[in-house]
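# Structure assessment
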Amino acid sequence: MRLLLGALFALVVGAAIGLGTTYYALSRSTAFGAVTLGGWTFWPKTGTPDIDPYARASIARSGELPIGSGDGVALYARVDDRGRVFDGSCEVTISGTTPPARFWTLTLYDPNGEIVANSANRYGFTSQEIMRHADGSFEITIAPRARPGNWLPTAGVERYVLVLRLYDTPVGVATRAGREAPMPSISEVCP
């Protein structure tokens, strides 16, 4: 009887630990094979048949539709280039150029993946509508109060995520370093 209770207890503890760590991995969007370029992170195998099981389960759970590897890549930024988490009360500047792409979008989301609602009805930028410098570079300011130029309002959210989607681009599975894909820099200044 004692052996049976011990085995049952071990089974319950093992199941609780296994299910708990699986839930943690799925709810935190933990996927393997991430590539980090400055403050930007992407998972090049997400839109391929070689996607890892945790990323596949996370996508199934969230209902997201990943970009196929032949179509482009989605890069996520939750921190600036120095590793500081974005703060909605601070000013974040994205500057530079993007890797070669036929078209790109930059969108502001809350940590739950919802578009950040704001009174300006500005949720992101595209490569066709952004104001650029003479050399082709650009500067985007993400801040709670209006700024001149390319401005995205944070609408008072405490934390947020930036998603840069590059369409028809050579950035992908073979990309491993910033020299292969020069990414815009991300800097945060808090008052």
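Residues numbered from 1 in each chain as written. Predicted model: local features only at pLDDT ≥ 70, side-chain atom pairs only at ≥ 80, totals over all residues. Heavy atoms only, no water.

It is worth spelling out the overall build of the protein at this point. When you go through the protein residue by residue, the secondary structure sums to two helices and ten strands. The helix and strand sequence of the protein, counted from the amino end, reads α-β-β-α-β-β-β-β-β-β-β-β. Long-range pairs, those at least 24 residues apart, make up 72% of the contacts in the protein with a sequence separation of at least 6. Carbon and sulfur atoms form 57% of the exposed surface of the protein, whose accessible area is close to 11,100 Å². (Helix = DSSP H or I, 4+ residues; strand = E, 2+ residues; numbered from the N terminus. Contact = heavy atoms within 4.5 Å. Areas by Shrake-Rupley, 256 points an atom, 1.4 Å probe, with all protein chains shown as cover.)

What follows covers the nonpolar core. Grouped together as the largest cluster of nonpolar side chains are 27 residues, with contacts concentrated most on Trp 40, Ile 94, Leu 106, Ile 142 and Leu 162. Residue assignment for this core shows that the elements contributing at least two residues are β1 (35-37), β2 (40-42), β3 (72-77), β4 (91-96), β5 (103-109), β7 (138-143) and β9 (161-167). Ignoring anything within four residues of it in the chain, the contact list for Leu 162 reads Trp 40, Leu 75, Tyr 76, Ala 77, Phe 86, Ile 94, Leu 106, Thr 107, Leu 108 and Ile 142. Counting residues in hydrophobic clusters, the runner-up holds seven residues, among them Ile 67, Ala 74, Tyr 109 and Val 163. (Core = buried A, V, L, I, M, F, W, Y, C linked by side-chain atoms within 4.5 Å. Buried < 20%, exposed > 50% of the residue type's maximum accessible area, 1.4 Å probe, protein only.)

The tally for this structure, following the rule as stated, stands at three aromatic pairs. Summarising the aromatic geometry, the rings of Phe 86 and Tyr 160 are spaced 5.1 Å apart at their centres and angled 15 degrees between planes, so their arrangement reads as stacked. One end of the pair, Phe 86, is in the loop between β3 and β4; the other, Tyr 160, is in the loop between β8 (150-153) and β9, and 74 residues separate them in sequence. The residues Phe 86 and Tyr 160 share a single accessibility class, namely buried. (Phe/Tyr/Trp six-rings, centres within 6.5 Å; stacked < 30°, edge-to-face > 60°.)

It is worth spelling out the pattern of salt bridges at this point. In total, this model carries four salt bridges according to the counting rule given. Residue Glu 91 pairs with Arg 147 through a salt bridge whose shortest N-O separation is 2.6 Å. Taken together, the residues Glu 91 in strand β4 and Arg 147 in the loop between β7 and β8 connect sequence positions 56 residues apart. Overall, the relative accessible area of 29% leaves Arg 147 in the partly exposed class. Residue Arg 102 is joined to Asp 168 by a salt bridge in which the shortest nitrogen-to-oxygen separation is 2.6 Å. A residue pair is termed long-range when its members are at least 10 positions apart, and Arg 102 in the loop between β4 and β5 and Asp 168 in the loop between β9 and β10 (185-189) qualify at 66 residues. (Salt bridge = Lys/Arg side-chain N within 4 Å of Asp/Glu carboxyl O.)

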